[in-house]
There are 6 protein chains.
Amino acid sequence: MIEYNDASPEVRAVYDDIMATRKIDWINNFWKALAHDPKTLRRTWESIKEIMGPGELDTLTKELIYVAVSTTNQCGYCIASHTAGARKAGMTDAMFGELMAVVGMANETNRLASGYQVPIDDRFLAK
Amino acid sequence: MIEYNDASPEVRAVYDDIMATRKIDWINNFWKALAHDPKTLRRTWESIKEIMGPGELDTLTKELIYVAVSTTNQCGYCIASHTAGARKAGMTDAMFGELMAVVGMANETNRLASGYQVPIDDRFLAK
Amino acid sequence: MIEYNDASPEVRAVYDDIMATRKIDWINNFWKALAHDPKTLRRTWESIKEIMGPGELDTLTKELIYVAVSTTNQCGYCIASHTAGARKAGMTDAMFGELMAVVGMANETNRLASGYQVPIDDRFLAK
Amino acid sequence: MIEYNDASPEVRAVYDDIMATRKIDWINNFWKALAHDPKTLRRTWESIKEIMGPGELDTLTKELIYVAVSTTNQCGYCIASHTAGARKAGMTDAMFGELMAVVGMANETNRLASGYQVPIDDRFLAK
Amino acid sequence: MIEYNDASPEVRAVYDDIMATRKIDWINNFWKALAHDPKTLRRTWESIKEIMGPGELDTLTKELIYVAVSTTNQCGYCIASHTAGARKAGMTDAMFGELMAVVGMANETNRLASGYQVPIDDRFLAK
Amino acid sequence: MIEYNDASPEVRAVYDDIMATRKIDWINNFWKALAHDPKTLRRTWESIKEIMGPGELDTLTKELIYVAVSTTNQCGYCIASHTAGARKAGMTDAMFGELMAVVGMANETNRLASGYQVPIDDRFLAK
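Keep in mind it's a predicted model, so treat the numbers as computed, not measured.

Chemist: Explain unusual backbone geometry to me, using residue names and the numbers behind them.
Modeler: Located in the positive-phi region is A:Gln74, a residue other than glycine, with phi close to 60°. Along the polypeptide, A:Gln74 turns up in the loop between α4 (59-72) and α5 (76-88). Judged by C-beta crowding, with 23 C-beta atoms within 10 Å, A:Gln74 ranks as buried. Even without being a glycine, E:Lys23 presents a positive backbone phi close to 55°.

Chemist: How would you explain the interface of chain D and chain A if you had to name every residue and give the values?
Modeler: One widely used convention gives an interface's size as the accessible area the parts lose upon coming together. Counting from both sides, the interface comprises seven residues of chain D and, opposite them, six residues of chain A. Split by residue class, the side of chain D that touches chain A holds two nonpolar, four polar and one charged.

Chemist: Give me the lowdown on the relation of the copies chain D and chain A, citing residues and values where you can.
Modeler: When chain D is fitted onto chain A, the two copies agree to an RMSD of 0.0 Å after a turn of 120° and an axial shift of 0.0 Å. Accordingly, the operation relating the two chain copies is best matched by a three-fold axis. The C-alpha atom lying nearest the rotation axis in chain D is that of D:Gln74; the distance is 4.3 Å. When the interface residues of chain D are mapped onto chain A, a mere 14% of them again fall at the interface, so the copies present different faces.

Chemist: Go over the packing of helix α1 (residues 9-22) of chain F against helix α3 (residues 38-52) of chain F with me, naming the residues and quoting the values.
Modeler: Residues and elements named next belong to chain F. One way to put it is that α1 packs onto α3 with a least axis distance of 10 Å and a crossing angle of 20°. On the basis of their axis angle, the class for α1 and α3 is roughly parallel. Like other packed secondary-structure pairs, α1 and α3 cross with a definite hand, here left-handed. Listed contacts from α3 to Glu10, Val11, Val14, Asp17, Ile18 and Thr21 of α1 are Pro38, Leu41, Arg42, Trp45 and Lys49. In terms of residue class, the contact of α1 with α3 is made up of six nonpolar, one polar and four charged.

Chemist: Can you lay out the interface of chain B and chain A for me, pointing to particular residues and giving the numbers?
Modeler: If you look at the interface, chain B gives 53 residues, while chain A gives 53 residues. Contributing elements (two or more residues each) for the side of chain B that touches chain A: α2 (29-34), α3 (38-52), α4 (59-73), α5 (76-88) and α6 (93-115) of chain B. Looking at the side of chain B that touches chain A element by element, the count peaks at 15 residues for α6(B). Of the residues belonging to the side of chain B that touches chain A, the class tally is 33 nonpolar, 16 polar and four charged.

Chemist: Account for the relation of the copies chain B and chain A, naming residues and giving values.
Modeler: Two chain copies, one operation linking them: a rotation about an axis together with a shift along it. Under the fitted operation, chain B is carried onto chain A by 0.0 Å of movement along the axis and a turn of 180°, and the coordinates agree to an RMSD of 0.0 Å. The transformation relating the two chain copies, once decomposed into turn and shift, fits a two-fold axis.

Chemist: Account for the environment of C:Ser70, with residues named and values stated.
Modeler: One can find C:Ser70 in helix α4 (residues 59-73). Exposure remark for C:Ser70: the 27 C-beta atoms within 10 Å place this residue in the buried category. As a C-alpha pair, C:Ser70 and C:Thr83 span 13 residues in sequence and 9.6 Å in three-dimensional space. Residues within four places of C:Ser70 in sequence aside, it is in contact with C:Cys75, C:Cys78, C:Ile79, C:His82, D:Ala106 and D:Asn110.

Chemist: Hey, could you go over the domain arrangement of chain A for me, with residue numbers and the actual values?
Modeler: Along its sequence, chain A is carved into domain 1 (1-52) and domain 2 (55-119). The C-alpha centroid of domain 2 of chain A is placed 25 Å from the C-alpha centroid of domain 1 of chain A.

Chemist: I'd like a rundown of α4(C), residues and numbers included.
Modeler: Residue and element names in this part refer to chain C. Look at α4: 21 Å from first C-alpha to last across 15 residues, which is about the 21 Å you get at 1.5 Å a residue. α4 sits mainly inside the fold: 13 of its 15 residues count as buried. Positive backbone phi, approximately 60°, marks Gln74, located one or two places after α4.

Chemist: I'd like to hear about the environment of A:Cys78, residue by residue, with values.
Modeler: Residue placement: A:Cys78 occurs in helix α5. For A:Cys78, a count of 29 C-beta atoms within 10 Å translates into the label buried. With 26 residues separating them along the chain, A:Cys78 and A:Gly104 place their C-alpha atoms 17 Å apart. Setting aside residues up to four positions removed in sequence, A:Cys78 forms contacts with A:Ser70, B:Thr109, B:Asn110 and B:Ala113.

Chemist: I'd like a rundown of the nonpolar core, residues and numbers included.
Modeler: Core analysis: the largest hydrophobic core is formed by 232 residues, its most contacted members being A:Ile65, B:Ile65, C:Ile65, D:Ile65, E:Ile65 and F:Ile65. Excluding anything up to four places from it in sequence, F:Ile65 contacts E:Leu64, E:Ile65, E:Ala68, E:Leu99, E:Val102 and E:Val103.

Chemist: Explain the environment of C:Ala68 residue by residue, including any values.
Modeler: By the element assignment, C:Ala68 lies in helix α4. We classify C:Ala68 as buried; it has 29 C-beta atoms within 10 Å. Residues C:Ala68 and C:Ile51 lie 17 residues apart in sequence; the distance between their C-alpha atoms is 16 Å. Among residues more than four places away in sequence, those in contact with C:Ala68 are C:Leu99, C:Val103, D:Ile65, D:Ala68 and D:Val69.

Cut-off values and rules
Residues numbered from 1 in each chain as written. Chains lettered and ligands numbered in written order. Predicted model: local features only at pLDDT ≥ 70, side-chain atom pairs only at ≥ 80, totals over all residues. Helix = DSSP H or I, 4+ residues; strand = E, 2+ residues; numbered from the N terminus. Buried ≥ 20, exposed ≤ 12 C-beta atoms within 10 Å, placed from the backbone. Contact = placed C-beta atoms within 7 Å. Nonpolar A, V, L, I, M, F, W, Y, C, P; charged D, E, K, R; others polar. Least-squares fit on C-alpha atoms with pLDDT ≥ 70 in both. Axes fitted to C-alpha atoms, helices over the stretch in contact; angles between N-to-C directions. Parallel < 35°, antiparallel > 145°, perpendicular 65-115°, else oblique. Left-handed = near helix turned anticlockwise from the far one by under 90°. Domains from an automatic or database assignment. Expected span 1.5 Å × (residues − 1). Core = buried A, V, L, I, M, F, W, Y, C linked by C-beta atoms within 7 Å.

As structure tokens, this is what we get:
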């Protein structure tokens, strides 16, 4: 983990932008680990910054999607950090419950579809 | 695939409820395959019906989450059917683009977090 | 795909053993593809032969487990070939239905457990 | 975690049914976490109860399948709880060893099949 | 799929850079699909360009790693395109055979490690 | 965990071969756990020994591939042990950074390819 005080100017610049963009005064461990590879730190942060800001989908919806993917992949760190992020963006307990219900069901029916070898309906084919 | 005309009364009752609930006049292949096991057909439909209706999260958001999980799991059938479902619920091309961007990024950072063996920050720990 | 008539003696010896062990007169595509790497062909066949024969678990149970894993991983080839294998070993339609129900449910609760960040009960800890 | 004494009547009713069905006097953490969303608690329990009871497949076989899926998905909680469940249903050390061998091999050949891009044999195609 | 002749100047600029960087005169379907979202097209290409060029690891090694991940995830498109990419970068049939053997084995032992609930050795702990 | 002093002659023979082959004087937990099933211990070790030795790909490249798969599967034990193995085989910090960047990107584009339902280009089709 590379702390702010031990960071190179290049890494500090990313840390500063993370804190300014998110209006927070601390850096979470994910970035402190990536800081061992400043190029990946910068590229990952710039991608996240471009993707996660509000656009056609609002920030809360994007955080819910992030939790859905992380839960499907069983990534402990990402579940913890993005569940916190979703709560900060407005996710209530009731929303979290519905999110988990959808994620669980999707993981179930994904396997029913493949195990039963269901062919794609013509109406669903990408054109 | 069990077509409506060949279905038992038990299976037809589920098919009828699917069409009435979704206000459509056809049944997609997923249900026609599950119909080989009427208990699983009924249980899966009742769960989907309970989960996917609007609640704290609206139907569009739930369909976006379904696509996110199916894409992460690489389930071809589910990607095709739920992308169609999301479009029907109002997903625009621009929303789809943002959905894919978030799903892609989450799958990337999930692996950066595990590969770098990042410990969960105290602030993110579930209480 | 390397057909029997085009195979080297080393590859033919494995093909012969597969057919003799399984009491069949043809080789499925999986082995014909692996035959491009005779060492992997031989090692994989010898492992499969050692593992899949009846032991403490019977052949049907082992084939059901194989289908469960292949369905979870969404491997189209493996789902098709091992579902055929399970049917040959005695799997009925009703057994297949229950297998799919368990596989679907396990994939669902796996995500509920991780998404809710459920800690392992002391009673379940490996000793 | 919602303990029995802090649970609403709706949640207690599910807890009571779990303990009566399984002939045990305690509730494991999975259900105590789900209890934050009583609808999902009830639906998940009713599905599990319907699926995991003996049918065409016996309880032990179903628990083995559950462990196979959980191991493939690397779900720590589920591996621990369903390995305990399988042992309670009669799984011996030798059976566990064979289960792991099959699960490992299936995960290996799933990737050999996809990496070699093996086409499905006509004989295996679902009809 | 957005063909070169139908592409906006923004998309064409990315297509031109892909062809110039890779010294080829055609665009593969992946980029033609992403072109529906020019921001994701540009960001993904710039990341790929930064990551996949020779650095501490040579291009062949990076393509082998790409095939390993794609095979593990069972992504048909990515297996096909990156196996072609690896061959172009110098992968021989014998190297491909060894790559598949390692990928298969890693997928097997990943599950043996989780199924047996193996604790991490102190010597392996990240410091 | 079965320690050397408590091991049967059959298990000790494998432990001895592991230590001799790897020129080390200790056994890591993975093998001590597998030792509960001597057949799987022996078969797994013999496969690993055959696969991981230098061939057309050198040992470092094979270890990098192992880490790539383990990271994609989120196997904590395997990430820790094979990252240590890769470092022993010569992986520098800079190589690790590039490895993670490729693994992350491949996991991202795998989902973009499936989510956009990209058809395989004719040029990439296996012949």
